[in-house]
Amino acid sequence: MQEKDNLSEIDIEKQHIMDNKELSIWEALIPVVILMALLAYNIFLKDGEWLGEYSNQYILLMGGMVAAIVGFLNKVSLGVMLAEVWENLKSVFVPIMILLLVGALAGTWLISGVIPAMVYYGLQVLSPEIFLPASVIIAAIISIATGSSWTTSATVGIALVGIGTALGINPGMIAGAVISGAYFGDKMSPLSDTTNLAPAMAGTDLFTHIKYMAWTTVPTIIITLIVFGIISATMEVTGDADISGLLATIDATFNTTPWLFIVPVIVIALILFKTKPLIALSMGVVSAIIVAIIFQSDILSQLGESKISAITNAIFTDTAIITENEKLNDLFSAGGMLGMLWTIFLIICAMVFGGIMDGIGALSRITKSLLAMATSIFGLFASTVISCLGLNAVASDQYLAIVIPGKMFKKAYEDRGLAPENLSRTLEDSGTVTSVLIPWNTCGAYQSGVLGVGVAEYFFYAIFNWLSPFMTLLFAAFRIKIKMLREPKTV
């Protein structure tokens, strides 16, 4: 779920798709091929630093320039392209605000002792042998309750990464487990915006969609839990023997008390009562500040010339709490809002590229070409999956990866006598969950920024997310739970 103020903000009628009959499929693919080539060169040959810290951002802008040139050659005006870019930028205003608040949340939850307390008590409850599958389950429960993978990562996700890191578990594994559970819950929750959007685009109702989606989603999460259970049971960790030392250091540095958990409880309660995420996260920051003043007075005095300056730094800039344990020193640091700027710039550049691609009609042309290749029922499912994956990479937005294929493929499913829930399930299995696997997609950028783990590090371990498209194709190939309304039309 890419957070919105509320579900009503997803106005399907305003989700228009630009078409350009003059644009050929080869012309539409030129910006995509160049973008992928430049990104591959940067990642594999230049270690991501080809153009400095913001290499991926510059490459996305280069891809946008190439797309604009293709548009000019096909008589698309600059005004049309800029209008689509502006629409894209408006769509990520709330997510950007949420990212800034998450940065503030991380800083204030650190100085208030909330994150250290989560690590302190979590170390005593979660052993390495059960940690990864337990993380999947915890994240899934929170995400089902809130309807938000983003909120899940910003609360329990941060805590689980901290606990697991202290136990000596690979952060990529932890992030993969958290993301797997969070996106399972996001898909199956009636509160999730994408879970409401997919059936709306396909023409079915919410609960029919959720029940039908369970046929592919439940086996996928079971496989995910089994794999993480095997990994947890067989992996060697370095942190287990040092737990007593970690606990003693945390206890000596912070005033650890269960009362600190009132802060995350407030945030989760507000989300459950359908409070706007911006308000819920803001309350999380405010309540953490109050708790910091009450319980962590000594920490605040050590971090700044005054308690106000320490709190201000935690919200806006870097904060580091030095302990006797180097592992905890890495863990007890936060970048505040400043630490989220790289992610925000990435999202903005991705929206520029995606907006120009939509403005010149390239997204529509690519999707239509995929649709033309679907000569069988399995081919139709496969084309839908490829379209969703491609749009997550090219448009860099989870919603467009659902809306565009939903509009384009709806009639094709009807013509083949397929119930609309087949389309809505495929949109979720391939559009919703794979967005987090693309580093420059809004979801991939958010999750890596919040959890502090790069997409490349957690990609393999986000088992639920990359397995879901294969599961939906497996069901389609063997015609398992493929609901037909009638015999398909002959063409």
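You'll find the structure just up there.
Residues numbered from 1 in each chain as written. Predicted model: local features only at pLDDT ≥ 70, side-chain atom pairs only at ≥ 80, totals over all residues. Heavy atoms only, no water.

Participant: What am I meant to see in the packing of helix H19 (residues 377-394) against helix H20 (residues 398-415) here?
Facilitator: Each pair of packed helices can be described by the angle between their axes along with the distance between the axes. Their axes nearest at 8 Å, the elements H19 and H20 cross at an angle of 155 degrees. One finds that H19 runs roughly antiparallel with respect to H20. When the axes of H19 and H20 are compared, the crossing they make is right-handed. Where H19 approaches H20, its residues Leu-380, Phe-381, Ser-383, Thr-384, Ser-387, Cys-388, Leu-391 and Asn-392 are matched on the opposing element by Gln-398, Leu-400, Ala-401, Ile-404, Pro-405, Phe-409, Ala-412 and Tyr-413. Residue classes in the contact of H19 with H20 are distributed as 11 nonpolar, five polar and no charged. (Axes fitted to C-alpha atoms, helices over the stretch in contact; angles between N-to-C directions. Helix = DSSP H or I, 4+ residues; strand = E, 2+ residues; numbered from the N terminus. Parallel < 35°, antiparallel > 145°, perpendicular 65-115°, else oblique. Left-handed = near helix turned anticlockwise from the far one by under 90°. Contact = heavy atoms within 4.5 Å. Nonpolar A, V, L, I, M, F, W, Y, C, P; charged D, E, K, R; others polar.)

Participant: So what exactly am I meant to see when it comes to the packing of helix H7 (residues 149-166) against helix H8 (residues 171-188) here?
Facilitator: Two elements in contact, H7 and H8, have axes separated by 9 Å at closest approach and are oriented at 150 degrees. Compared by their axis directions, H7 and H8 come out roughly antiparallel. Of the two possible hands of crossing, H7 and H8 adopt the one that is right-handed. Every residue of H8 that contacts H7 at Ser-149, Trp-150, Thr-152, Ser-153, Gly-157, Leu-160, Val-161, Gly-164 and Thr-165 is listed here: Pro-171, Ile-174, Val-178, Ala-182, Tyr-183 and Asp-186. Its residues assigned to classes, the contact of H7 with H8 comprises eight nonpolar, six polar and one charged.

Participant: Is there a simple way to explain the packing of aromatic side chains in this structure?
Facilitator: The geometry of an aromatic ring pair is captured by two quantities: the separation of the ring centres and the angle between the planes. Tallying each qualifying case throughout the model produces 10 aromatic pairs. When the ring of Tyr-54 is compared with that of Phe-345, the centres are 5.7 Å apart and the planes differ by 55 degrees; the resulting orientation is tilted. Of this pair, Tyr-54 sits in the loop between helix H1 (25-45) and helix H2 (55-73) while Phe-345 sits in helix H17 (residues 341-359), and the two are 291 residues apart along the sequence. Looking at Phe-345, the relative accessible area reads 36%, which means it is partly exposed. (Phe/Tyr/Trp six-rings, centres within 6.5 Å; stacked < 30°, edge-to-face > 60°. Buried < 20%, exposed > 50% of the residue type's maximum accessible area, 1.4 Å probe, protein only.)

Participant: Can you help me understand unusual backbone geometry in this one?
Facilitator: Excluding glycine, residues mostly carry a negative phi; peptide bonds, for their part, are mostly trans. Of note in this structure, Arg-479 is not a glycine but carries a positive phi near 55 degrees. Relative to the helices and strands, Arg-479 resides in the segment after helix H24 (463-477). Despite not being glycine, Lys-481 shows a phi value in the positive range, around 50 degrees. With respect to the helices and strands, the residue Lys-481 is situated in the segment after H24. When its relative accessible area of 40% is taken as the criterion, Lys-481 is described as partly exposed.

Remember, this is a structural readout, not a statement about activity or role.
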